[in-house]
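Commentary on secondary and tertiary structure
The residues making up each chain are set out below.
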Amino acid sequence: RLGAVVAYFTSAKFLLYLGHALSTWGDRMWHFAVSVFLVELYGNSLLLTAVYGLVVAGSVLLLGALIGDWVDKNSRLKVAQTSLIVQNASVILCGIILMIIFFFKTQLLTLYHGWLLTMCYILVITIANIANLASTATAITIQRDWIVVVAGEDRSKLADMNATIRRIDQLTNILAPMAVGQIMTFGSPMIGCGFISGWNLMSMCVEYLLLWKVYQKTPTLALKSVKVEESELKQLNVKKESDVKPAEGVQLIVEKDVSGFEPPQEKEVGCAARIAEPFVTFRDGWVAYYNQPVFLAGMGLAFLYMTVLGFDCITTGYAYTQGLSGSVLSLLMGASAVTGIMGTVAFPWLRRRCGLIRTGLISGAAQFACLILCVISVFMPGSPMDLTVSPFADISARLFENEPLPTIASPEPEMILATGMPSLLNGSTTPAYSDPEMSPEPVPLISVSLLFAGVIAARVGLWSFDLTVTQLLQENVVESERGIINGVQNSMNYLLDLLHFIMVILAPNPEAFGLLVLISVSFVAMGHIMYFRFAQKTLGKQLFVCCTPDPKATPDSSPPGNTSTV
């Protein structure tokens, strides 16, 4: 028994979990802290935070396919180590620059009429964006490729590993901001910068070692399939006349270490071709994504990002206007984490009982059924929905009266409230109505209670559905295209996420939030309709066959990377 325990803790699977936990912990701390730092630096304004969010979303949207293509064209160890070093080095450098800005901010304001400070802001956002792009590359190579190779031919093991990775994500998403929030509360932003830089330096060294150990323990990671161009195949066939000619339309793949194959000499590429290459890669990536048999499933997942029904700054900010206290919101966040973990537990069990594709159908139906509570909440007592109110009425009135616009209590309410860290803008986590005479009438809590009941309950189906689509992509995208297809999938996710923020900008007042809820539920419904269409095309008449299928007849039986499974 002791030997089995030791074997588990030294296995490639556990080392992969440990490395992911360290990486995710650092990511969550940084993503939480950087927004707070930018607010603190720019005079309690959300401008820099908004610019940073726009730059990050736009960069992944435009460069997702290029990042994935780079992942595909290089060896696994090189990709993982390079992205790890770039990501952590960027965060460390950003933390050092922020510490310098905090320490010398007064002097920087006077130099060159403040332009030097502005350049520092641009530098911080640029380096932070590079860190996020490197993090995207790390996620693609580890969570979409390494994990498939480590799991081998065992689909159940792959499902369990995917679920464990998501549980780690759920826990670190709550605990990491709490930890760094306490440090920033009882210390200072500068101490927080130093702590995060130190953590990333230590974490980078440990993660680097863990990656190397996983690579050593899994020899198949050294073998990576690459796409071979048609001209190269002709030369290969001339050298190996005995090889059978591949059938037309079949994806052609060779291993990098195939003996006797010498890659042809690279032709001279003109300047115009080099300039056009990223655009060609971008186009080819999106075309390849569209041609995937799991295209509709991926689009269904992306549509779930077009929603305000999550624990982000928008939904928690709305709840704050409806009278929920910070302590209540932090408890609700904890409950959402628990239901999210329940979804990761339900996924492997459902997959074993009903098959992978039917698990997505069940999960989608469960999520949508729970979101019906959110729709009902829009029409219940306490709902501020009033479409006769102009979205910009309050802003216009203040501008005409020459009154200052209100500042938001925190850049990331769900994180601030969960950590208990006082807002850096007003020094407290209480609502803006601190004067009893100015406090509004108590708002009935029926509407907001139903809203959060639906959001929290829907997390079970949401995370199970997310894991379903993730495993479909892992199993049904050929090895030589995993990077670029998952890069485009990330771009799609960011695109829909960006659209949901634009939707809120167009209707920012609480009276319009009910309309945003209805639009969000509509997009979730469209996403699951796309997935249903994918399942219908894949399973045909067997779509509604009872659970506990014959393993030999399910789409889960063929080896990973075989597109025939769908």
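Scope of this entry: the structure provided in the associated data block. Since this is a predicted model, take the numbers as computed values, not measurements. (Residues numbered from 1 in each chain as written. Predicted model: local features only at pLDDT ≥ 70, side-chain atom pairs only at ≥ 80, totals over all residues. Heavy atoms only, no water.)

Observations concerning the overall build of the protein
The helix and strand inventory of the protein stands at 18 helices and two strands. Looking at the 566 residues of the protein, the share that counts as buried comes to 48%. Long-range pairs, those at least 24 residues apart, make up 85% of the contacts in the protein with a sequence separation of at least 6. Per element, the accessible surface of the protein, about 27000 Å² overall, is 67% carbon and sulfur. (Helix = DSSP H or I, 4+ residues; strand = E, 2+ residues; numbered from the N terminus. Buried < 20%, exposed > 50% of the residue type's maximum accessible area, 1.4 Å probe, protein only. Contact = heavy atoms within 4.5 Å. Areas by Shrake-Rupley, 256 points an atom, 1.4 Å probe, with all protein chains shown as cover.)

Focus on the pattern of salt bridges
Under the counting rule described, the total for this entry stands at nine salt bridges. One salt bridge in this structure joins Arg 76 and Asp 145, with 2.8 Å as the shortest N-O distance. Here Arg 76 is found in helix H4 (residues 76-110), whereas its partner Asp 145 is found in helix H5 (residues 115-151), with 69 residues between them in sequence. Considered together, Arg 76 and Asp 145 belong to a single accessibility category, that of buried residues. Linking Glu 479 and Arg 76 is a salt bridge whose minimum nitrogen-to-oxygen distance equals 2.4 Å. With a gap of 403 residues between them, Glu 479 in the loop between helix H16 (446-476) and helix H17 (482-506) and Arg 76 in helix H4 connect regions that are remote in the sequence. Both residues of the pair, Glu 479 and Arg 76, count as buried. (Salt bridge = Lys/Arg side-chain N within 4 Å of Asp/Glu carboxyl O.)

Looking at empty space enclosed by the protein
If you walk through the whole model with that rule in mind, you get four cavities of 30 Å³ or more. In this model, the largest cavity occupies a volume close to 60 Å³. Forming the walls of the largest cavity are Tyr 318, Ser 377, Val 378, Ser 383, Ser 447, Val 448, Leu 451, Phe 513, Gly 514 and Val 517. When contributions to the lining of the largest cavity are tallied by element, the ones reaching two or more residues are helix H13 (356-378), H16 and helix H18 (513-539). Residue composition of the lining of the largest cavity, grouped by class: six nonpolar, four polar and no charged. (1 Å grid on protein atoms, 1.4 Å probe; cavity = no way out; pocket = protein on both sides within 12 Å on 5 of 7 lines; lining within 4 Å. Points joined across faces, edges and corners; volume = space filled by probe spheres on them. Nonpolar A, V, L, I, M, F, W, Y, C, P; charged D, E, K, R; others polar.)

Comments concerning the packing of aromatic side chains
Scanning the model with the defined rule gives 16 aromatic pairs in all. Each ring, one from Trp 25 and one from Trp 199, has its centre 6.3 Å from the other, and the planes form 40 degrees; the classification is tilted. Of this pair, Trp 25 sits in helix H2 (residues 12-41) while Trp 199 sits in helix H7 (residues 189-217); the two residues are 174 residues apart in sequence, bridging distant segments of the chain. Judged by relative accessible area, which is 22%, Trp 25 ranks as partly exposed. Ring centres of Tyr 531 and Phe 534 lie 5.5 Å apart, and the angle between their planes is 55 degrees; this geometry places the pair in the tilted category. Of this pair, Tyr 531 and Phe 534 both sit in helix H18, separated by three residues, roughly a single helical turn. (Phe/Tyr/Trp six-rings, centres within 6.5 Å; stacked < 30°, edge-to-face > 60°.)

Section: the side chain of Glu 475
As for its placement among the helices and strands, Glu 475 is situated in helix H16. By relative accessible area, which is 1% here, Glu 475 ends up buried. A polar contact of 2.8 Å, which involves the side chain of Glu 475, links it to the side chain of Gln 471. (Polar contact = N/O pair within 3.5 Å; in protein donor to acceptor, adjacent residues only side chain to side chain.)

Some points on helix H6 (residues 155-186)
With 32 residues, H6 should reach 46 Å at 1.5 Å per residue; the first-to-last C-alpha distance of 47 Å fits that figure. The axis of H6 is deflected most strongly, by about 30 degrees, at Thr 172. If you check the start of H6, you find a side-chain oxygen 3.1 Å away from the backbone N of Ser 156, and it comes from Asp 154. (Expected span 1.5 Å × (residues − 1). Bend = angle between axes of the 7 residues up to and from the residue.)

Thoughts on the state of the cysteines
Counted according to the given criterion, the structure contains zero disulfides. The closest cysteine sulfur to the non-disulfide-bonded Cys 370 is located on Cys 374, 8.7 Å from its own sulfur. (Disulfide = S-S within 2.5 Å.)

Let's talk about the nonpolar core
Here is a general trend for soluble globular proteins: nonpolar side chains tend to be buried in one another's company. With 65 residues, the main nonpolar core has Val 308, Leu 309, Phe 452, Val 517 and Tyr 531 as its most contacted residues. Element by element, the count of residues in this core is highest for H16, at eleven residues. Summarising the domain contributions, this core has at least three residues from each of domain 1 (1-223) and domain 2 (275-388 + 444-544). Not counting residues up to four positions away in its chain, the partners in contact with Leu 309 are Thr 315, Leu 371, Cys 374, Leu 451, Val 455, Val 517, Ser 520 and Val 521. Core analysis: the second largest hydrophobic core is formed by 57 residues, Phe 32, Cys 120, Tyr 121 and Leu 221 among them. (Core = buried A, V, L, I, M, F, W, Y, C linked by side-chain atoms within 4.5 Å. Domains from an automatic or database assignment.)

What to know about the packing of H2 against H7
Their axes nearest at 9 Å, the elements H2 and H7 cross at an angle of 160 degrees. Accordingly, the angle class assigned to the pair H2 and H7 is roughly antiparallel. For the crossing formed where H2 meets H7, the hand is left-handed. Within the contact of H2 with H7, the residues separate by chemical class into 18 nonpolar, five polar and four charged. (Axes fitted to C-alpha atoms, helices over the stretch in contact; angles between N-to-C directions. Parallel < 35°, antiparallel > 145°, perpendicular 65-115°, else oblique. Left-handed = near helix turned anticlockwise from the far one by under 90°.)

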